[in-house]
Amino acid sequence: MSAIPDSLFHMTHCQTLTIDFEEEAKNTRKLLERVPMDDAHREYKPHPKSMALARLATHVAELPGWPKYALESELLEMPMDFKPQIATSTAELLEMFDKAVVDGRAAIAGATDEDMKKTWTFKFGDVFSMTEPRPNVVRSFINHLVHHRAQLGVYLRLNGIAVPGMYGPSADEH
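Along each chain, the written sequence defines residue order, and numbers are assigned to residues from 1. Local features in a predicted model are, by the rule used here, given only for residues with pLDDT of at least 70; side-chain atom pairs are given and counted only at 80 or more, and totals for whole chains, interfaces and linings are based on all residues. Think of the side-chain values as coming from all heavy atoms in the structure, minus any hydrogens and water.

Enquirer: Outline the pairing of strand β2 (residues 119-124), supporting the account with residue identities and numerical values.
Expert: Pairing of strand β1 (residues 75-78) with β2, which is carried by 4 bridges, proceeds in the parallel orientation. Considered in β2, the bridge of Glu77 is made with Lys123. Summarising the sheet, β2 and strand β3 (residues 128-133) pair through 6 bridges and their orientation is antiparallel. Among the inter-strand pairings, Thr119 is bridged to a residue of β3, identified as Pro133. Pairing between strands is defined by DSSP: at least two bridges between them are needed. Helix and strand definitions here come from DSSP, where helices need a minimum of 4 consecutive H or I residues and strands a minimum of 2 consecutive E residues; each element is numbered from the N-terminal end.

Enquirer: So what's going on with the nonpolar core? Residues and values would help.
Expert: As used in this record, nonpolar core signifies buried Ala, Val, Leu, Ile, Met, Phe, Trp, Tyr and Cys residues forming a set joined through side-chain atoms within 4.5 Å. Three exposure classes are used, based on accessible area relative to the maximum for each residue type with a 1.4 Å probe and protein chains only: buried under 20%, partly exposed in between, and exposed over 50%. If you look at the biggest cluster of nonpolar residues, it comprises 35 residues, and the most contacted ones within it are Leu32, Val35, Met37, Leu71, Leu93, Ile108 and Leu152. Taken together, the elements giving at least two residues each to this core come down to α1 (13-32), α2 (53-62), α4 (90-110) and α6 (134-158). Counting residues per element, this core draws most heavily on α4, at 7 residues.

Enquirer: Just give me the short version of empty space enclosed by the protein, but keep the residues and values in it.
Expert: Points on a 1 Å grid over protein atoms alone make up a cavity when a 1.4 Å probe fits among them but cannot get out, and a pocket when they form an open set with protein on both sides within 12 Å along at least five of seven lines; lining residues each have an atom within 4 Å of a point. Grid points are joined across faces, edges and corners, and a volume is the space filled by probe spheres set on the points. Following the criterion strictly, the structure yields 1 cavity of 30 Å³ or more and no others. Of the voids in this model, the largest cavity is the one considered here, and its volume is about 40 Å³. Together, Phe21, Glu24, Leu63, Pro64, Pro67, Phe141, Ile142 and Leu145 line the largest cavity. Looking at the lining of the largest cavity, the elements with two or more residues in it are α1 and α6.

Enquirer: I'd like to hear about the layout of surface pockets, residue by residue, with values.
Expert: Of the volumes computed, that of the largest pocket is approximately 880 Å³. Among the elements that make up the lining of the largest pocket, the one with the highest residue count is α4 (4 residues).

Enquirer: Explain a nonpolar patch on the surface residue by residue, including any values.
Expert: Patch building starts from residues that exceed 30% relative accessible area and form no salt bridge, then joins like charges within 9 Å and nonpolar side chains (Val, Leu, Ile, Met, Phe, Trp, Tyr) within 5 Å. For the area figures, the Shrake-Rupley method with a 1.4 Å probe applies, and any residue is considered shielded solely by the protein chains shown. The rule for a salt bridge is simple: a side-chain nitrogen of Lys or Arg has to be within 4 Å of a carboxyl oxygen of Asp or Glu. A cluster of nonpolar side chains, Met80, Val127 and Phe128, forms an exposed patch at the surface whose accessible area comes to about 300 Å². Summarising the element assignment, Val127 is placed in the loop between β2 and β3. For Val127, a relative accessible area of 58% puts it in the exposed group.

Enquirer: Explain the pattern of salt bridges to me, and be specific about the residues and the numbers.
Expert: In total, this model carries 11 salt bridges according to the counting rule given. With a closest N to O distance of 2.7 Å, Arg157 and Asp172 form a salt bridge. Remark: Asp172 occurs in the segment after α6 and Arg157 occurs in helix α6; sequence separation between them is 15 residues. Arg157 sits in the partly exposed class, given a relative accessible area of 41%. Within the structure, one salt-bridge network assembled from shared partners comprises Arg29, Glu33 and Asp98.

Enquirer: Explain the packing of α1 against α6 to me, and be specific about the residues and the numbers.
Expert: Lines fitted to C-alpha atoms define the axes here, with helix axes fitted over just the stretch in contact, and angles between the N-to-C directions of these axes take values from 0 to 180 degrees. Contact pair α1 / α6: the axes reach a minimum separation of 10 Å and the direction vectors enclose 15°. What the angle tells us is that α1 and α6 run roughly parallel. Regarding α1 and α6, the two cross each other, and that crossing is left-handed. Contacts between α1 and α6 involve His13, Thr16, Leu17, Asp20, Phe21, Glu24, Asn27, Thr28, Leu31 and Leu32 on the former and, on the latter, Pro135, Val138, Arg139, Ile142, Leu145, Val146, Arg149, Leu152, Gly153 and Leu156. Classifying every residue of the contact of α1 with α6 gives 11 nonpolar, 5 polar and 4 charged. Orientation is classified from the angle alone, with under 35 degrees giving roughly parallel, over 145 giving roughly antiparallel, 65 to 115 giving roughly perpendicular, and any other angle giving oblique. We call a crossing left-handed when the near helix sits turned anticlockwise from the far one by less than a right angle, and right-handed when that turn is clockwise. The contact definition used throughout considers only heavy atoms, calling two residues in contact when any of these lie within 4.5 Å. Amino acid classes used here: Ala, Val, Leu, Ile, Met, Phe, Trp, Tyr, Cys and Pro are nonpolar; Asp, Glu, Lys and Arg are charged; the rest, including Gly, are polar.

Spelled out as structure tokens, the structure:
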């Protein structure tokens, strides 16, 4: 076994978040590259309460950019009539994702320990509100990405599309 470098014991919040962010971004891109955005798949739902494939894939593509909201403001208010953009092609989906990764990476890299001591509030009309410390918020965004990426992997599997391994090989890579 190799020893753990001392530098890992003296990392800032942002440095530790960056490790997770980069790993999850790399894994997410592998999955998004396989998402079919053709008419036969765009509206696919495994259950009536599920998001359509195109909406879920777009949400996954947007999520790496969310740290920017939490680290560059202290409040995000989303109106009840908010209409999300939905990618129309795999190329557009990957373009959205790549931009979101750049934005999220820059926001995390630019944040200081003082910035991380602040709280962030998200409000969705009068329906939902949360206020949390910024490290918790950014970590929850990464976890949110992993959660929805797993859902998207199930959508692909149910449509006969090979799912890439995330933390090792998948059953489709043997």
